[in-house]
Amino acid sequence: MAPLFIPCTSLPRVYSPLAQRRGPCLPGRQSRSIPFTRPSQPLGRLALAPPTQAASPDLVGSPPPDAVNGNGGEAHQRDHSHVQAEFCQGTLAVHGGERAGRPRVSDSLTTPIVQTATYTFRDTAELIAYQEGRFGSYEYGRYGNPTTRACEEKIRALEGAEDCLVSASGMNSATTMLLALVPAGGHIVTTTDCYRRTRQFIATLLPKMGIGATVIDPSDLGGLAAALDAHPVSLFFSESPTNPYLRCVDVPAIKALCAPRGAAVVIDSTIATPINQRALALGADLVLHSATKYLAGHNDVLAGALAGRGDLVAAVRAMHNVLGGVMDPHAAYLLLRGMKTLDLRVARANATAATLAARLEEHPRVARVHYPGLTSHPDHAIAAAQMDGFGGMVSFEVAGDLWATARFVDACRLPYIAPSMGGVESLIEQPTIVSYWDQGPEERARLGIRDSLVRFSCGVEAAEDIWADLAQALEAV
């Protein structure tokens, strides 16, 4: 049985407290059809009209086209109205109230959470139509979900991408991308300053598939050109800004070198966000996000996203469908909610970070500040050309050793000591201890991780409160 639709002109007298009012209709009431549930009994038996008035046939309209094509509406389901009349209590506990009366939810202001692992079809003909691309729907939760697709569409729009794929974490997005796009025996180019787990995957797991890597300084275009000459490079992959020293790569220059060799350019824009930087517009083929950070923005979601060229995203999606790493629909809802305030949060974090960086650079107990918005930063000119804002994270080196820096961190009262970044709460960490404690002093020095380094992620608290706290804590050094 097809869904029934009640015209808005008749609906108020059935449901609305406005039905007793006299005067003009509310805007839009005449022109919209409100989707209604499939009834489990004939329409005449439903309490759709006052008790003394039978439901009029003119209350029933035809479903709009989108109700059957899966693009914005629900697919038809089989008529299961007999369930409530024929089955036992145990069966009713499973099916009652759902298969015979599910409403459409397209008029919900917020995107609904479609918490399902699989999807149903009316009959074999509809399933075949789906398999042949003539019926828009979903098949199984690992291959797609309406809530997660809404996330993908929002990120696609923010980045100006052809397509987007979200996944369970930023690392899942990165590793699935590398496995999908780099062939066995292939080669990649990456940069020295990067997230440790990305470095670990490239250095320890890719070689098992015969994949080599050339690691260059973020500004070393000559090193990139040499690697392209010496190896069958499939892609260049770098953060920009990088973690934790906030180095910035020249995306247009990198694209100019990679494009003639057929090497894809992939930029991890987690720290920049699409508010501060549109890497695809600069020439990147793909942009990656740990959506856990700024996109979600509330330290309560794990998620990753990859956006860019449609053919490349499709290749990664095919690998993703095999490996899993699916984002949960409830997490997707939280990510959608977080992105609604992305612009506001990033603007606040940008302003606070710029203030802190300038003041820290002048403080006698701070040896060096790493922030691309400062003219002292080695990549300031690149950042100024590519970014609309310089980001909400500041890294700096305390004038002291490991333990003097730890005393400073412990003396801070406002930020939480925690890894991650991009949430509404300010976070502080000493990378030596949080991320590299197991490496030892010699290995940390080789990787460029200084014991006195502090990474500060600005939340949305008042900048003056954050500065006052940092200033008092520096007195402990």
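Everything numeric here is computed off the predicted structure, so don't read it as measured data. (Residues numbered from 1 in each chain as written. Predicted model: local features only at pLDDT ≥ 70, side-chain atom pairs only at ≥ 80, totals over all residues. Heavy atoms only, no water.)

Draft legend 1. Inspection of helix H19 (residues 440-447) at higher detail. Those residues of H19 that sit buried are Gly440, Arg444 and Leu447. Summarising the axial view, the buried residues of H19 lie within an arc of 75 degrees, below the 170-degree limit, and thus occupy one face. Pointing more than 90 degrees away from the buried face of H19 are the exposed residues Pro441, Glu442, Ala445 and Arg446. Following H19 by one or two positions, Gly448 has its phi on the positive side, about 85 degrees. (Buried < 20%, exposed > 50% of the residue type's maximum accessible area, 1.4 Å probe, protein only. Helix = DSSP H or I, 4+ residues; strand = E, 2+ residues; numbered from the N terminus. Arc of directions from axis to C-beta.)

Draft legend 2. Main features of the sheet that holds strand E3 (residues 163-167). What the 7 strands build is an open sheet, ordered E3-E9-E8-E7-E6-E4-E5; its pairing is mixed. Lying at the two open borders of the sheet, with one neighbouring strand each, are E3 and strand E5 (212-216). In this sheet, neighbouring strand axes are inclined to one another by 20 degrees on average, regardless of whether the strands run parallel or antiparallel. In this sheet, strand E6 (residues 233-239) lies alongside strand E4 (residues 187-191) in parallel orientation, the contact comprising 4 bridges. Bridging across to E6, Thr190 finds its partner in Phe237. Here helix H10 (residues 251-258) sits on the sheet in contact with E6 and strand E7 (264-268), set at roughly 155 degrees to E7. (Pairing = 2+ DSSP bridges. Axes fitted to C-alpha atoms, helices over the stretch in contact; angles between N-to-C directions. Contact = heavy atoms within 4.5 Å.)

Draft legend 3. How the structure looks around the sheet that holds strand E11 (residues 393-398). The strand order across the open sheet formed by 5 strands is E10-E11-E14-E13-E12, and the pairing between neighbours is mixed. Strands at the two margins of the open sheet, each flanked by one partner only, are strand E10 (366-370) and strand E12 (416-417). The pairing of E10 with E11 spans 4 bridges and is antiparallel. Looking at E11, one finds that Arg368 is bridged to Glu397. Its contacts with the sheet put helix H15 (residues 342-362) on E10, E11 and strand E14 (453-457), and the angle it makes with E11 is roughly 15 degrees.

Draft legend 4. Up close: the pairing of E5. As paired strands, E4 and E5 are joined by 5 bridges and run parallel to one another. Within E5, the position partnered with Thr190 by the bridge is Val215. Following the chain from E4 across helix H8 (residues 196-205) to the adjacent parallel E5, one finds a crossover that is right-handed. (Right-handed = clockwise from strand over helix to strand, strands pointing away.)

Draft legend 5. Highlighting the pattern of salt bridges. Under the criterion given, the structure shown has 24 salt bridges. Here Glu152 ties to Arg317 by a salt bridge, and the two come within 3.7 Å at their closest N and O atoms. You can see Glu152 sitting in helix H6 (residues 146-159) and its partner Arg317 sitting in helix H13 (residues 310-323), a full 165 residues away along the chain. An identical accessibility class is assigned to Glu152 and Arg317; each is buried. Salt-bridge contacts for Asp229 lead to Arg261; the nearest nitrogen and oxygen are separated by 2.3 Å. Of this pair, Asp229 sits in helix H9 (residues 221-230) while Arg261 sits in the loop between H10 and E7, and the two are 32 residues apart along the sequence. (Salt bridge = Lys/Arg side-chain N within 4 Å of Asp/Glu carboxyl O.)

Draft legend 6. Focus on the packing of helix H7 (residues 170-181) against H8. Two numbers describe how H7 lies on H8: the axes approach to 10 Å, and their chain directions differ by 25 degrees. Relative to H8, H7 is oriented roughly parallel. Remark: the crossing between H7 and H8 carries right-handed chirality. Residues Met171, Thr175, Leu178 and Leu179 of H7 touch H8, and the partners they reach there are Arg197, Thr198, Phe201 and Ile202. Partitioning the contact of H7 with H8 into residue classes produces 5 nonpolar, 2 polar and 1 charged. (Parallel < 35°, antiparallel > 145°, perpendicular 65-115°, else oblique. Left-handed = near helix turned anticlockwise from the far one by under 90°. Nonpolar A, V, L, I, M, F, W, Y, C, P; charged D, E, K, R; others polar.)

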